[in-house]
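Secondary and tertiary structure notes
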Amino acid sequence: MEDKPGPNPKVKNEAKKDMGVKNRPDEWKIEQGINAAKLPFLDQTGPEPVYIQPKIWDGKMTKDEAAIKAVGDPEKLFARELEGWKGYVEWENYPEKKEAAHKILISQAFPPNPEFQLGPIPDTNPVLPGTHWKQWHHAVGGELTSVPEDSWNTVLKEKHPEMLHLLQFPYNGEPPKRLTTAQSVTPNSLHFVRNHGGIPLIDKDKFFLKLDGLVKNPKTYTMDDLMDESKFPRMKKMITMQCSGTRRFEQISLYAGQGDEVPQAPWAEGAIGTAEYVGISLKKVIKDCGGLLEGGKHLELYGAETYFKNNEVMNYLVSVPWSKVKANEVMLAWEMNGEPLPKIHGYPLRVMVMGYIGARSVKWLYRIKAIETPSLAPVQSKEYLYFNQQVGKHNQRPTDGIQIQEMPVSSAIMSPWTNQVVIHNGKIRCKGWGYSGGGRWPERIELSADGGFTWYAVPLENMSEKRQWTWRTWEIDLPCDVEGWIEIVCRCWDNALNTQPLAVRAAWNWGLHVTSSAHRIKVYSINKSRPLTRERLEMLKAHDQPLAPLTWPEELQTQTWEEYKEFFKKNPRDVDEY
């Protein structure tokens, strides 16, 4: 006789407790992880499991008016300091200003970050509004009051009307895929933008650049000084700039990470662009100041925008090593693709750090300070860090991360799009880009239509010109005999024979930076070179039956009963016993 397990009294009691409790309307989504932001944490460290529920913002905007009033009048505290510098506040020289702004910010509550990793991303453009960043600017007031509105107006004036606005403020935007690699040189209006603060509006005639710190002879330069060819020889360079967040959406789609829509905007494949810049070498300017003093090994770069971090305000600061500057690979630029820098790209002066992440190419540059060590400002020391996969919110320390500088080799397929149906004649036309940082360049682009088992090289004549500091755009007719769902994979080899890891997981990190894995897209292949497929497509068309979307059910009989019966006469379903 077979033993049968008896009833589990604990399960029975739990079932009784649940009687009469109604599921939430979204219960199925929560259980399946589709609304993962609403999933409680499960703490199993004690004798009984404990559910830690997600925090829900109550929507209350508390404000200590008395405390804010005690700080002083923002119009006076944060008044415009320089004629012709709208939207700029100097924070780094005035700790008392920082403290005043800090008191204002901590005296009121602001809405939390929107959930865009574990929840649905809005079907809007702009995708994310940056509400609390706007509110921070308005709360501090003074010269910052109109910055969000001025910045958005600048976007609308200078950017292509089809730009994808990932974050309205501070502005983060990329071109649509079909326009990203339409040209090997990116038009100014389509070049991606990754801002950390508002857009200061600075008059060229009122502009100056200060160079101080560990230099022998600190100096201040006007734009006319910097553009004096008798003093500083011109540089003209074609440069690809890439955000370290490029293709971040692939990491987010698999595993959520650090959440904050400004540092972690959900970039796709368009956070990269190539332009020709004109300017001068920073090395020459430092030489004009008599060179560096002993101990001067890094150059701290100051941007005029205001950046918020943990209720603190600051200017945008990062640094680059002297070795990079010494190699003539750091440029002070005022021209982009034959035109003065657009306001949104740093007018009147910006830095271009060749082969480094875009975050080091400071816009609206107003000061350069020679220092001993890398900058301790948050953007350099607490952001743009590459962590080990076992580092996360529960154990993260900034010193556990590698500061990201040179970009690794990467690539992307810009056409077709993932989940797209492609009707073809045995070859799928693919287009995209390949790039490698640090002065390396793409030597070969390879694609696979079978998930990475068989690789085809892009013909060299189908790749754009090879240059030291730029991407290469490409296209290929990729052989594909398979029908149904396939996975197209792209990888790049640079001149040092570096290539990309094959899985997104290999590149995942808590900071969601540098998605350097081979780019993979799912495509539904309909091979019209096959007679049956061609016949079926003609049948659907003749009966005016929709082919798209893919999941539209069949509404006609594709095989007659006579054909069906005839088939099974010749090919019985079961084995004949006799």
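Residues numbered from 1 in each chain as written. Predicted model: local features only at pLDDT ≥ 70, side-chain atom pairs only at ≥ 80, totals over all residues. Heavy atoms only, no water.

The next thing to look at is the packing of helix 6 (residues 131-140) against helix 7 (residues 147-158). Contact geometry of helix 6 with helix 7 gives a least axis separation of 9 Å together with a crossing angle of 130 degrees. Judged by the angle between their axes, helix 6 and helix 7 are oblique. Contacts between helix 6 and helix 7 involve Lys-134, His-137 and His-138 from the first element and Val-147, Pro-148 and Glu-149 from the second. Class assignment for the residues of the contact of helix 6 with helix 7 results in two nonpolar, two polar and two charged. (Axes fitted to C-alpha atoms, helices over the stretch in contact; angles between N-to-C directions. Helix = DSSP H or I, 4+ residues; strand = E, 2+ residues; numbered from the N terminus. Parallel < 35°, antiparallel > 145°, perpendicular 65-115°, else oblique. Contact = heavy atoms within 4.5 Å. Nonpolar A, V, L, I, M, F, W, Y, C, P; charged D, E, K, R; others polar.)

All right, on to the side chain of Arg-472 then. When you line up the elements, Arg-472 lands in strand 25 (residues 472-479). Despite its burial, Arg-472 pairs with no opposite charge; the closest candidate is Glu-443, at 5.0 Å N-O. Polar side-chain contacts of Arg-472 include one of 3.0 Å to the backbone oxygen of Pro-442. With near-sequence residues (within four places) excluded, Arg-472 lies in contact with Gly-432, Trp-433, Gly-434, Pro-442, Glu-443, Met-463, Ser-464, Glu-465 and Lys-466. (Buried < 20%, exposed > 50% of the residue type's maximum accessible area, 1.4 Å probe, protein only. Lys, Arg positive; Asp, Glu negative; His and termini not counted. Salt bridge = Lys/Arg side-chain N within 4 Å of Asp/Glu carboxyl O. Polar contact = N/O pair within 3.5 Å; in protein donor to acceptor, adjacent residues only side chain to side chain.)

In this section: the sheet that holds strand 4 (residues 164-167). With antiparallel pairing, three strands are arranged side by side in an open sheet as 4-5-6. What marks the edges here is a single partner per strand, and that holds for strand 4 and strand 6 (193-194). For strand 5 (residues 172-174) and strand 6, the ladder comprises two bridges, and the chain directions are antiparallel. Looking across to strand 6, one finds that Asn-172 is bridged to Arg-194. (Pairing = 2+ DSSP bridges.)

Here we come to helix 14 (residues 531-542). Side chains that are three or four residues apart share a direction in an α-helix, a result of its 3.6 residues per turn. Helix length check: helix 14, at twelve residues, gives a terminal C-alpha distance of 16 Å against a target of 16 Å (1.5 Å per residue), a fit within 8%. Taken residue by residue, helix 14 has Thr-533, Leu-537, Met-539 and Leu-540 as its buried positions. Burial along helix 14 is one-sided: seen end-on, the buried residues are contained in an arc of 160 degrees. When the buried face of helix 14 is taken as reference, the exposed residues oriented beyond 90 degrees from it are Pro-531, Glu-538, Lys-541 and Ala-542. Where helix 14 is buried, its residues touch strand 21 (420-424) and strand 27 (519-527). (Expected span 1.5 Å × (residues − 1). Arc of directions from axis to C-beta.)

What follows concerns unusual backbone geometry. Residues Phe-169 and Pro-170 are joined by a peptide bond in cis, for which omega reads -15 degrees. On the secondary structure map, Pro-170 appears in the loop between strand 4 and strand 5. Backbone torsion omega between Ser-415 and Pro-416 reads 0 degrees, so that peptide bond is classified as cis. Within the secondary structure layout, Pro-416 lies in the loop between strand 20 (410-415) and strand 21. Not every positive phi belongs to a glycine, and Asn-310 is a case in point at roughly 55 degrees. You can see Asn-310 is positioned in the loop between strand 12 (298-309) and strand 13 (312-321). Taking relative accessible area as the criterion, Asn-310 reaches 63% and is therefore assigned exposed. For Val-514, which is not glycine, the phi torsion reads 55 degrees and is therefore positive.

The next thing to look at is the nonpolar core. By size, the foremost hydrophobic cluster in this structure holds 112 residues, and its most contacted members are Leu-226, Leu-282 and Leu-332. Those residues in contact with Leu-282 that sit more than four places away from it in its chain are Leu-211, Leu-299, Val-325, Val-330, Leu-332 and Ile-368. (Core = buried A, V, L, I, M, F, W, Y, C linked by side-chain atoms within 4.5 Å.)

The next subject is the UniProt feature "domain: Moybdenum cofactor oxidoreductase dimerisation" (unreviewed entry) in the protein chain. Residues annotated in UniProt with the feature "domain: Moybdenum cofactor oxidoreductase dimerisation" (unreviewed entry) correspond here to residues 403-524. Helix makes up 0% of residues 403-524 and strand 45%, with an end-to-end C-alpha separation of 40 Å. (UniProt positions renumbered as here; feature names shortened; annotations may be inferred.)

Now for the sheet that holds strand 20. The strand order across the open sheet formed by three strands is 20-22-25, and the pairing between neighbours is antiparallel. With partners counted over all chains shown, the strands left at the sheet margins are strand 20 and strand 25, one partner each. Across the sheet, the axes of successive neighbouring strands diverge by a mean angle of 30 degrees, strand direction being ignored. Here strand 20 pairs with strand 22 (residues 427-435) via five bridges, running antiparallel. Across the sheet, residue Ser-415 finds its bridge partner in strand 22, namely Lys-431.

This next bit is on a nonpolar patch on the surface. On the surface, Val-421, Ile-423, Trp-485, Leu-547 and Leu-550 cluster together into a nonpolar patch covering about 420 Å² of accessible area. With respect to the helices and strands, Val-421 occurs in strand 21. (Patch = residues over 30% accessible without salt bridge, like charges linked within 9 Å, V, L, I, M, F, W, Y side chains within 5 Å. Areas by Shrake-Rupley, 256 points an atom, 1.4 Å probe, with all protein chains shown as cover.)

With that out of the way, let us pick up the environment of Val-215. Mapped onto the elements of the fold, Val-215 is located in the loop between strand 8 (209-213) and strand 9 (219-221). Residue Val-215 is classed as buried on the basis of its relative accessible area, which comes to 3%. Remark: the alpha-carbon pair of Val-215 and Lys-287, spanning 72 residues in sequence, is separated by 9.2 Å. Aside from chain neighbours lying at most four places away, what touches Val-215 is Cys-289, Gly-291, Leu-292, Leu-293 and Ala-370.

What follows deals with the packing of aromatic side chains. This structure, assessed with the given rule, holds 21 aromatic pairs. Seen in terms of ring centroids, Tyr-88 and Tyr-366 are 5.2 Å apart; in terms of plane orientation they differ by 65 degrees. Their pairing is edge-to-face. Highlighted residues: Tyr-88 in the loop between strand 3 (85-86) and helix 5 (95-106) and Tyr-366 in strand 17 (residues 365-371), separated in sequence by 278 residues. With relative accessibility at 4%, the residue Tyr-88 sits in the buried group. On the accessibility criterion, Tyr-366 (4% relative accessible area) is buried. On the numbers, 5.1 Å between centres and 55 degrees between planes, the contact of Trp-133 with Trp-136 is tilted. Residue Trp-133 and its partner Trp-136 are located together in helix 6, separated by three residues, close to a single helical turn. For the pair Trp-133 and Trp-136, one class covers both residues: buried. Ring pairs connect the aromatic residues Trp-85, Tyr-88, Phe-207, Phe-208, Tyr-302 and Tyr-366, which therefore count as one cluster. Directly above the ring of Tyr-255 sits Arg-505, whose terminal nitrogen or CZ lies 4.8 Å from the centroid. (Phe/Tyr/Trp six-rings, centres within 6.5 Å; stacked < 30°, edge-to-face > 60°. Lys NZ or Arg CZ within 6 Å of the ring centre and 35° of its normal.)

Here we come to the UniProt feature "domain: Oxidoreductase molybdopterin-binding" (unreviewed entry) in the protein chain. Taking the numbering used here, the UniProt-annotated feature "domain: Oxidoreductase molybdopterin-binding" (unreviewed entry) corresponds to residues 196-375. Strand forms 39% of residues 196-375 and helix 13%; the C-alpha atoms that close the span are 17 Å apart.

The pairing of strand 8 with strand 9 spans three bridges and is classified as antiparallel. By the bridge assignment for strand 9, Lys-210 is matched with Thr-220. The antiparallel hairpin formed by strand 8 and strand 9 contains five residues in its connecting segment. Relative to strand 17, strand 8 runs parallel, the two being bridged by four bridges. In the strand pairing of strand 17, Asp-212 is matched with Lys-369.

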